[in-house]
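# Survey of secondary and tertiary structure
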Amino acid sequence: SKDVARPTVRVKRRFCTLRARMHVSFAPRTWFAKQRKARNETKARRWLARSMDRSHSELVKDWKAWLGAWVESEFESVLPSTSASAVESTSETLLGTNWETDDKSVGVAPRRLSAGPHTHLVVLVNGLLGNSSNWECFISNLEADGRTGHFLLHPSQTNNMFGTYEGIDVCGQRLVEEIQEVVAENPGLQHISLVGHSMGGLLARWAVGKLYDAKKRTVAGLQPAHFMTLATPHLGCSGESAQPNHVPFIAWTPEPLGKYLEKAAVPFAGLFLKRTGEHFFLKDGLPLEQAVQNVDAGPLLFRMCHDCTEAPYLSALRAFHTRTCYANVSGDYLVAWANSAICHPSVLKTLEGLQKTEGGCRFIVSDDGLAAATDRCLQLDDELVSPSRTESLMLRNLNSMPWRRVHVDFKETVVPLLAHNHIQAPRRWLNWEGEEFVKEVVKHILELEESWKVSSGDST
C-alpha cells in the first residue's frame, strides 16, 4: 500500500512546490504593477486639480505662448523681422479662433461697412461646431463692394463649437435674444436679412418664427428682406437612403456595413450630438405617423414646417421678400441634394447632366434666377405628397412659397468631398477654392437688394 501511495504524495508535493514558486515569481510583478498604476492615477488627479485651479484664460495663454514660440522658431529664417504681435495673430489663426474670449463672443465682431446710417441688418448664422469667424470670407468680400454701406453685418456670436449640441430650440433662443439686442442698440435699422449655413439655416428659421409679428408682418420690429440658406438640412435627417433627407455618407457606404449604419444612425446621433442629434433625426416628439394628426406634439423640425401654436414658422418665412437656397449636387457627405434644395429627388433628376453656363461661376450648375425668389413656387405632383410620408408633407409646406434654387457642384476642386464646407469657405487655408463661389453669393445678395429697392421704391 505504501508503494501505491508514495507516487501520489510525491506528485502533490511537486504541485505545491510549483504553485509556491509561481506565486513567489509573479506576485512581486503584480504588486509593482498595481503600485505603478496607483502612482499614475495620483499624478493624473494632481495634474487635473492644478488645471482646475488655474483659470481658462491662463491655460489658453500658456498654449498660445508655446504655439507662438513654435511659429517664431519655425519661420525665423523665412521671416526674420516677425514681431510679437504678428506671431500672436499667426498663432490665433492656427488655433482657428481666439479662445481667450468668452464663449459667447468667440470669432468676428459685428461690422459696420461705412460711417453712414445703417438701415439693413444682415445676420450670418454658423452651423454645427462653427463660430462667427467662419463668415470672415463672406464679410471681406462684402466689404470689398462699394454698394454695402447701408449694411450692418452681424455674424452671430452666441452659438459656438460644442454649444451647438444643446438643441435647435436652445440655440435658436440664443439667436433670438442676440438679434433683439442688436436691434435695440441700433435704432436706425429698418430691414433685416438672414444667411445661414447648414444647421444655421434651421436656427434662422426657428428665430424668425419667434420674432415674427403677424399683425405688422415684421421680424424683430424690422421689415424682412432676404432669407438665404447654404447646404441646410431643411427636412432633418434620416438613415434610410431612399428618403430625400437621407445622410449621404450612409448611403455611400457599401453593404453590409451600410445597413448597420442606417440602424445605428439615430442612437449614435443622440449620443454624440445630444439634443441637436435628436432634432436632426426628428426623434424629439411624437412618432411621425402620429405627428400628422397632432402637429403641436410632433418633432421640432416638423413643427417648423407649419404655423403651429408655439410660433407661426411658415408665415414668418413667407413674409420675406426673397428666399434663396444653395444646394450641393455632389460631394456633400452630410446634407443630401434634395434636402438642401427643398425638392423631391425625382424633380432633381431633370437637372442631371446639365452644362454649366459660360461666363458664370464655374461651380454653379443651375440657377433659377431672380424671379424665382419672389414669383414662382415649385409644384409637386400629388403622388409625391402623401400624409403617410411626413417628409413629403414638409416639402409641400415649404414649397408653398417661392424659392430661388441655386445648384452647386464642387467636383472640380482638389477635395470635392469638402463641398459642405466649400460652399461657405470657413477656412481659407482649406476651402480656398470656395471663395470664388462666395463672391458669386455676395453678387446674388447685392442683385436681390437692388431688385428689392426697385420694386419697393426704396432708395435707402
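Shown above is the structure to which this text applies.
Residues numbered from 1 in each chain as written. Predicted model: local features only at pLDDT ≥ 70, side-chain atom pairs only at ≥ 80, totals over all residues. Heavy atoms only, no water.

## A short note on the nonpolar core
- Formed by 62 residues in total, the largest nonpolar core has its most connected members in Leu-121, Ile-168, Ile-179, Leu-194, Phe-227 and Phe-280.
- The greatest single-element share of this core, amounting to eight residues, is contributed by helix 6 (residues 199–211).
- Core analysis: the next-biggest nonpolar cluster, separate from the first, contains 29 residues, Leu-124, Leu-230, Ile-364 and Leu-446 among them. (Core = buried A, V, L, I, M, F, W, Y, C linked by side-chain atoms within 4.5 Å. Buried < 20%, exposed > 50% of the residue type's maximum accessible area, 1.4 Å probe, protein only. Helix = DSSP H or I, 4+ residues; strand = E, 2+ residues; numbered from the N terminus.)

## Considering the side chain of His-226
- Within the secondary structure, His-226 is located in strand 7 (residues 223–230).
- For His-226, a relative accessible area of 3% gives the class buried.
- Within the structure, His-226 has its side chain in polar contact with the side chain of Glu-449 (distance 2.9 Å).
- With residues up to four places along the chain from it excluded, the contact list for His-226 reads His-120, Ile-192, Ser-193, Leu-194, Phe-320, Thr-322, Leu-448, Glu-449 and Trp-452. (Polar contact = N/O pair within 3.5 Å; in protein donor to acceptor, adjacent residues only side chain to side chain. Contact = heavy atoms within 4.5 Å.)

## Details of the pattern of salt bridges
- Counted under the stated rule, the structure contains eight salt bridges.
- Its salt-bridge partner being Arg-362, residue Glu-412 comes within 3.7 Å of it at the nearest N-O pair. Note that Glu-412 is positioned in the loop between strand 10 (404–408) and helix 16 (419–422) and Arg-362 in the loop between helix 14 (345–348) and strand 9 (364–367), a separation of 50 residues in sequence.
- For Glu-412, a relative accessible area of 45% translates into the label partly exposed. (Salt bridge = Lys/Arg side-chain N within 4 Å of Asp/Glu carboxyl O.)

## Considering a nonpolar patch on the surface
- A grouping of Phe-249, Trp-252, Leu-334, Val-414, Val-415, Leu-417 and Trp-432 is seen on the molecular surface, where their side chains present a nonpolar patch of about 700 Å² in accessible area.
- Position of Val-415 relative to the elements: it lies in the loop between strand 10 and helix 16.
- Val-415 sits in the partly exposed class, given a relative accessible area of 37%. (Patch = residues over 30% accessible without salt bridge, like charges linked within 9 Å, V, L, I, M, F, W, Y side chains within 5 Å. Areas by Shrake-Rupley, 256 points an atom, 1.4 Å probe, with all protein chains shown as cover.)

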